[in-house]
Structures are given as structure tokens and as C-alpha cells.
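Spelled out from the first residue to the last, the chains are:
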Amino acid sequence: MTVNIPSLTEARKRTNNKVLIKKNAYQLTEQQKKIGLNKKYYLKTYGCQMNEHDSENMKAILNDMSFQETDNLEEADLIILNTCAIRENAHNKVFGLLGRVKHLKQTKDVLVGFGGCMAQEEVIIDEIIHKYKWIDFVFGTHNIVNLPNLIEKAYHNKKQEIEVFSCEGEVIENIPVKRDNKYKAWVNIMYGCDKFCTYCIVPYTRGKQRSRLPEDIISEVGDLIKDGYQEVTLLGQNVNAYGKDLDINYTMANLLEDVAKTGINRIRFVTSHPWDFNDDMIDIISKYDNIMPYIHLPIQSGSSRILKLMGRRYTKEEYLTLFKKLKEKIPNVAITTDIIVGFPGETEKDFQDTLDVVDICKYDSAFTFIFSPRVGTPASKMEDNVFLEEKEERLQRLNQLINQYSKENNDKYLNKIVPVLLEDYSSKKKDCLKGYTDTMKLVNVKADSRYLGKIVNVKITSVKTWSMDGEIVNCENYVKN
Ligand code: SAH
Ligand code: SF4
Ligand code: F3S
């Protein structure tokens, strides 16, 4: 067995070592290009946009190896799970699917690969080695480029291959990508995270913060424009800190401006940490029409006491000051957030502070979670005297309030005309396409396939908590195409 086990202690290390940017790391032998001939792969992705985008890289690699994709687990010759470690329920979902895969493996010859953030956790690898010996190969978030070698070895050796590096990470530039969407694209601008919020596993699973070079990002956006893409989302765990590790005096504000100047119709970015959101960025967002008025600004808690324990580096008041500035300076901006309830020691008073902030900010929407202790993080060792029932009850109260404001915000759109990028057939409504407004509201629009990939003016005819319905107006006069 080849074992390269991850270590959280190693993963925690941060040095000033220069990040290696590798431009030629991805290469396939002639042999590897044929491994997947007449074979199908099934790839299941869990977790955040970063994982989604990693899966787009894996798909292109598998494609280069001649595998064909299937969405039917039963007919797959190769099954890969791209996993997420952010909360316990993410783990549980993965182990649930593994149960089905094990059954399948008893009935047919199928190769099984396990990758993503869970693969970067010591406890999980331990479990895989001892309880899931039938998994053929395991790879970490830093090892995607090496997938062809791993698959080749797994086919030949028939032994469990584990290749997970706990390195700080590199920037690999030439990994191919097979995008799921023809009109909007994810573009990584940075990898990893150095914030080490006390509850979070990401800095351990993804390595240190490392920004891509501006010219590589701009050139990717240029290629996307040539391929007809309408929208890019600049991706990173903490995009506002972009460039800080590069030593070239180039910031997120500079990058946003340069991407805006490429002329791509729509630019979004996730996720913004409030700590690094500066005035230059706000100015650039309000200056360029093609930077969308939508900001995901996680608060996590409204209690300054809990925020301190979380290591978030801002107080309730500082967050609210930033929030107000964004609302004032960016016309029509929609702001969404993430909130954790039941952090260790959260009192009813702390929770009330969170509800207060929600009452002030009236978010367009929010992702809300119950705190989930992650092995190896400081918060998992903090004393927690709040019962799960209490946490669940708080979550319900919070969700009610969040939903109320989502609906109130959406109500303001009724009878308004807004630009929508129509990206796919609606799964909910017959004869409709679905798309998003500039402010990231989901709209089902009565339209046929001719409008796919177009940004159209839509009049909103009805409004719900999670979505809206609308119809195209001024068909011959699109907002921008
Ligand atoms: N980089 C982003 C967040 C990435 S994780 C940021 O800093 O905002 C997405 C969300 O998962 C977080 O915003 C947080 O709300 C939630 N989360 C992270 N770790 C968690 C944990 N241990 N328990 C519950 N929720 C968690
Ligand atoms: Fe996790 Fe905090 Fe980094 Fe976000 S900023 S990924 S919450 S450590
Ligand atoms: Fe999950 Fe890893 Fe993303 S832990 S949320 S897939 S960075």
C-alpha cells in the first residue's frame, strides 16, 4: 500500500516560503490518454463552489483519459466522490453514498476514488484505511493534477493508493476544465485560507492563502469572453484578501477593475470576509456596471463576544458600519450572509444580538447552520453547555426571521423590470427558462430555448420567498449581450 497520510499539525503550518506557480504540471502519457476507453465515470460533488470547480477540473482530466461521464451510479466503471468536511452532516452524506457504492462493488468491477476536503482529514484517512479497505484510491485537494497517475496505479496495482499532501499548496496553472455551464463560469483567483476562524476546517484542508497572478486570471477571463461566456464568478475563500500574498502591490480592487475592463457582461465574487473589505473595493464596485450589485458578506454571529471567540476580527458595530456603507455607496445592492447558531457558550443574549443584526440588515437571504465541532479546530475544544434542542430552536427562530426579510426584499421587485441572464430550463415551471437577476434573485421566465444564454429585461409578475416569476419585455432590446 502506498500511503501518504495527511496531518492537521502539518496543515496548520504557515511559512513565508514563496508559493510555487507551476505552469506545466499537468501532462498525460499516451497510455493514460487511453485508460478510459469504453469506460464511464460517475462523479459526485459535495460542498462549496470551490469543490464544484475542482470537479470541473477532474471532469476535464477524465475526459482527456477517454472516460465518458454518466449520471447513473450503477453503470459506472469509475466512481469518484469529491467530498466536503465543513460540517458533520457533510460527512454523513458521503458515508451514506459509500454504503451504496460498497454494494455495487460487490456485484461488478468498479474502481472507486475518494477525494476533496474530507481526504485531508487524518481521522477520515484512518477510517478509510481500517474500515473502507475496498476504496481503491484517495487523493487530497492538492493532488488533483496527479489524478491520471493515481488512476493508472490503481488499475495496475489493485492496492489502496493514498496520496494526500498536507503541504501549504502550490498554484497549478494548466489544469484543464470542463465547465458545467455554457454561460457563466467559475474563475479561481486564489486558493486556501489563512484566517483560521476557530470553528473552521478549511485552512487545514485547503492550505495557505495563495493568489493566482493577475495576468493568468485576466487571460482566463479573456478566453471565456471569446467562448461566449456572459458571467464570471471570481472564487476564493476570502477574495477580499486577494493579492496580499503576492508582494506586487496589487489588490482585489485592482483585480476587479482589470476584470471589469475586459468587458465581460457580469462579474461576481465570493466570498467576502468583512475584515478585508476596503473603500477602494467599494468604489470600484459602484463605478463599473458590469460588477454585479450583489455581495455575500458572512457575519457568523451578531454578538461581539462570540465573534471574538470565533476569531473573526470584527465587532458587531464594525460589521454594521461596513454594511451601511455598502448599502449607501452601491445602488440597489443585495447583501446575503452566513450565520452559525449555537457556537460553544452562546447565550440567549448572544443569540438575541444575532437576531438584532438580522433586524437591522434585513438580508436578502442567508445560509444558517448549527455549529458543528470539527476535529483539530480550537472551537471543538471549547466548553459547550448549550443543548442541541436549544440550538435547533434558535435555528428555527432565526430562519423564520430570515425568510420574512427574504420575502419582504423580493416583494419590492413586483412589477419592476430587471435584467436576467437565462441560463437553463426551469426545473419548476413548464415552458420556462430560469436565470438570475444582477442581484442574484432566481427568476422563472416564460421563454423558449432561443433565449438561453441571453441577458434579457424581465418584468416580475409574481414573487415568493425563494424565487420569482416574470416575462420578457422589449424582446428586441436586450439590456446587454
Ligand atoms: N470563507 C467563507 C466561508 C466558507 S465555509 C467565509 O469566511 O465567509 C461556509 C460557511 O460554513 C461559513 O461561512 C460558516 O457559516 C459555515 N461553517 C464553517 N464551519 C462551520 C462549522 N464548524 N459549523 C457550522 N458551520 C460552519
Ligand atoms: Fe473558514 Fe474563516 Fe477561512 Fe472562511 S475565512 S474559510 S470561515 S477560516
Ligand atoms: Fe467543504 Fe472544503 Fe468547500 S470543507 S465548504 S468543500 S473548502
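Residues numbered from 1 in each chain as written. Chains lettered and ligands numbered in written order. Predicted model: local features only at pLDDT ≥ 70, side-chain atom pairs only at ≥ 80, totals over all residues. Heavy atoms only, no water.

Turning next to the overall build of the protein. Each helix and strand counted, the protein has 14 helices and 21 strands in total. Computed over C-alpha atoms, the radius of gyration of the protein comes to 23 Å, within 12% of the 23 Å expected from 2.2 N^0.38 for 481 residues, which places it in the range of a compact globule. For the protein, the C-alpha atoms occupy an extent of roughly 60 × 60 × 45 Å along the three principal directions. For the protein, the residues scored as buried account for 57% of the 481 residues in total. For the protein, long-range pairs separated by at least 24 residues make up 76% of all intrachain contacts whose partners lie at least 6 apart in sequence. Roughly 21,300 Å² of accessible area belongs to the protein as shown, and the carbon and sulfur atoms make up 49% of that amount. Side-chain charges in the protein split into 68 positive and 68 negative, and the spacing between the mean points of these groups amounts to 2 Å. (Helix = DSSP H or I, 4+ residues; strand = E, 2+ residues; numbered from the N terminus. Rg over C-alpha atoms; globule rule 2.2 N^0.38 Å. Buried < 20%, exposed > 50% of the residue type's maximum accessible area, 1.4 Å probe, protein only. Contact = heavy atoms within 4.5 Å. Areas by Shrake-Rupley, 256 points an atom, 1.4 Å probe, with all protein chains shown as cover. Lys, Arg positive; Asp, Glu negative; His and termini not counted. Charge placed at Lys NZ, Arg CZ, Asp CG, Glu CD.)

Bringing the site of ligand 2 into the picture now. Close to ligand 2 lie Cys193, Lys195, Phe196, Cys197, Tyr199, Cys200, Val202, Pro203, Gln237, His273 and Arg312, which account for all nearby residues. Across the shell around ligand 2, the residue classes tally to seven nonpolar, two polar and two charged. (Near = heavy atom within 4 Å. Nonpolar A, V, L, I, M, F, W, Y, C, P; charged D, E, K, R; others polar.)

Let us look at a positive patch on the surface. A cluster of basic residues, Lys327, Lys362, Lys412 and Lys416, forms a positive patch at the surface. Along the chain, Lys327 turns up in helix H12 (residues 316–329). (Patch = residues over 30% accessible without salt bridge, like charges linked within 9 Å, V, L, I, M, F, W, Y side chains within 5 Å. Salt bridge = Lys/Arg side-chain N within 4 Å of Asp/Glu carboxyl O.)

This paragraph deals with the side chain of Asn188. Here Asn188 shows up in strand E9 (residues 184–188). When residues no more than four places from it in sequence are discounted, the contact partners of Asn188 are Met50, His53, Arg212, Ile217 and Leu235.

Once that is clear, we can look at the layout of surface pockets. Taking a probe equal in size to a water molecule and rolling it over the atoms shows the remaining empty space. Counted as a void, the second largest pocket has a volume near 770 Å³. Together, 37 residues line the second largest pocket, and Asn57, Ile172, Glu173, Ile175 and Tyr191 are the ones closest to its centre. Of all the secondary-structure elements, those providing two or more residues to the lining of the second largest pocket are helix H3 (49–64), strand E8 (171–172), strand E10 (190–191) and helix H8 (214–226). With five residues, H8 is the largest single contributor of residues to the lining of the second largest pocket. Residues of the lining of the second largest pocket, tallied by class, amount to 13 nonpolar, 11 polar and 13 charged. (1 Å grid on protein atoms, 1.4 Å probe; cavity = no way out; pocket = protein on both sides within 12 Å on 5 of 7 lines; lining within 4 Å. Points joined across faces, edges and corners; volume = space filled by probe spheres on them.)

Right, let's get into the state of the cysteines. Counted by the stated rule, this structure contains zero disulfides. Sulfur of Cys167: no disulfide; nearest cysteine sulfur belongs to Cys117 and is 13 Å away. In this structure Cys167 comes out as partly exposed when scored by relative accessible area, which is 31%. (Disulfide = S-S within 2.5 Å.)

As a further point, take the sheet that holds strand E16 (residues 365–370). Spatially, three strands are ordered E14-E15-E16 in an open sheet, and the strand pairing comes out parallel. Looking at which strands have only one partner, the edges of the open sheet turn out to be strand E14 (294–296) and E16. Each adjacent strand pair in this sheet contributes to an overall mean axis angle of 10°, direction not counted. In this sheet, E16 lies alongside strand E15 (residues 334–341) in parallel orientation, the contact comprising six bridges. Within E16, the residue paired with Thr336 across the bridge is Ser365. (Pairing = 2+ DSSP bridges. Axes fitted to C-alpha atoms, helices over the stretch in contact; angles between N-to-C directions.)

With that settled, the discussion passes to the site of ligand 1. Taken together, the neighbourhood of ligand 1 is formed by 15 residues, with Gln237, Pro298, Gln300, Asp338 and Ser372 sitting nearest. Between Arg87 and ligand 1, the recorded distance is 3.0 Å, taken from a side-chain N or O atom to an oxygen atom. Taking Gln237, its main chain carries an N or O atom lying 2.6 Å from a nitrogen atom of ligand 1. The fraction of the free accessible surface of ligand 1 (540 Å²) that becomes covered by protein chains is 89%. Contributions of two or more residues to the shell around ligand 1 are made by E15 and E16. Looking at the shell around ligand 1 residue by residue, the classes come out as seven nonpolar, four polar and four charged. (Polar contact = N/O pair within 3.5 Å; in protein donor to acceptor, adjacent residues only side chain to side chain.)

Attention shifts here to the packing of H12 against helix H13 (residues 348–361). For the pair H12 and H13, interaxial distance at closest approach is 11 Å and the crossing angle is 10°. In terms of orientation, H12 and H13 fall into the roughly parallel class. In this structure, H12 contributes Lys316, Tyr319, Leu320 and Phe323 to the contact, and H13 contributes Asp353, Asp356, Val357, Ile360 and Cys361. Of the residues belonging to the contact of H12 with H13, the class tally is six nonpolar, no polar and three charged. (Parallel < 35°, antiparallel > 145°, perpendicular 65-115°, else oblique.)

The subject of this paragraph is the sheet that holds strand E21 (residues 468–472). What holds strands together in a sheet is hydrogen bonding between their backbones, with the strands either parallel or antiparallel. Spatially, five strands are ordered E17-E18-E19-E21-E20 in a closed barrel, and the strand pairing comes out mixed. Averaged over neighbouring strand pairs, the angle between their axes works out to 50° when direction is ignored. For strand E17 (residues 417–425) and strand E20 (residues 455–463), the ladder comprises five bridges, and the chain directions are antiparallel. Across the sheet, residue Ile417 finds its bridge partner in E20, namely Lys459.

Along its sequence, the protein is carved into domain 1 (2–163), domain 2 (177–411) and domain 3 (417–472). Computed over C-alpha atoms, the centres of domain 2 and domain 3 are 25 Å apart. Each side of the interface is counted separately: domain 2 has 20 residues, and domain 3 has 21 residues. Of the roughly 1,700 Å² buried at the junction of domain 2 and domain 3 (both faces included), carbon and sulfur atoms supply 56%. Contact with domain 3 buries surface across domain 2, with Tyr183, Arg266 and Asn410 losing the most and accounting together for 38% of the total. In this assembly, domain 2 and domain 3 are joined by two salt bridges. At the junction of domain 2 with domain 3, the criterion picks out 10 residue pairs in polar contact (both at pLDDT 80 or more). Where the side of domain 2 that touches domain 3 is concerned, the elements lending two or more residues are strand E13 (266–270) and helix H14 (388–411). (Domains from an automatic or database assignment. Buried area = accessible area lost by both parts, 1.4 Å probe.)

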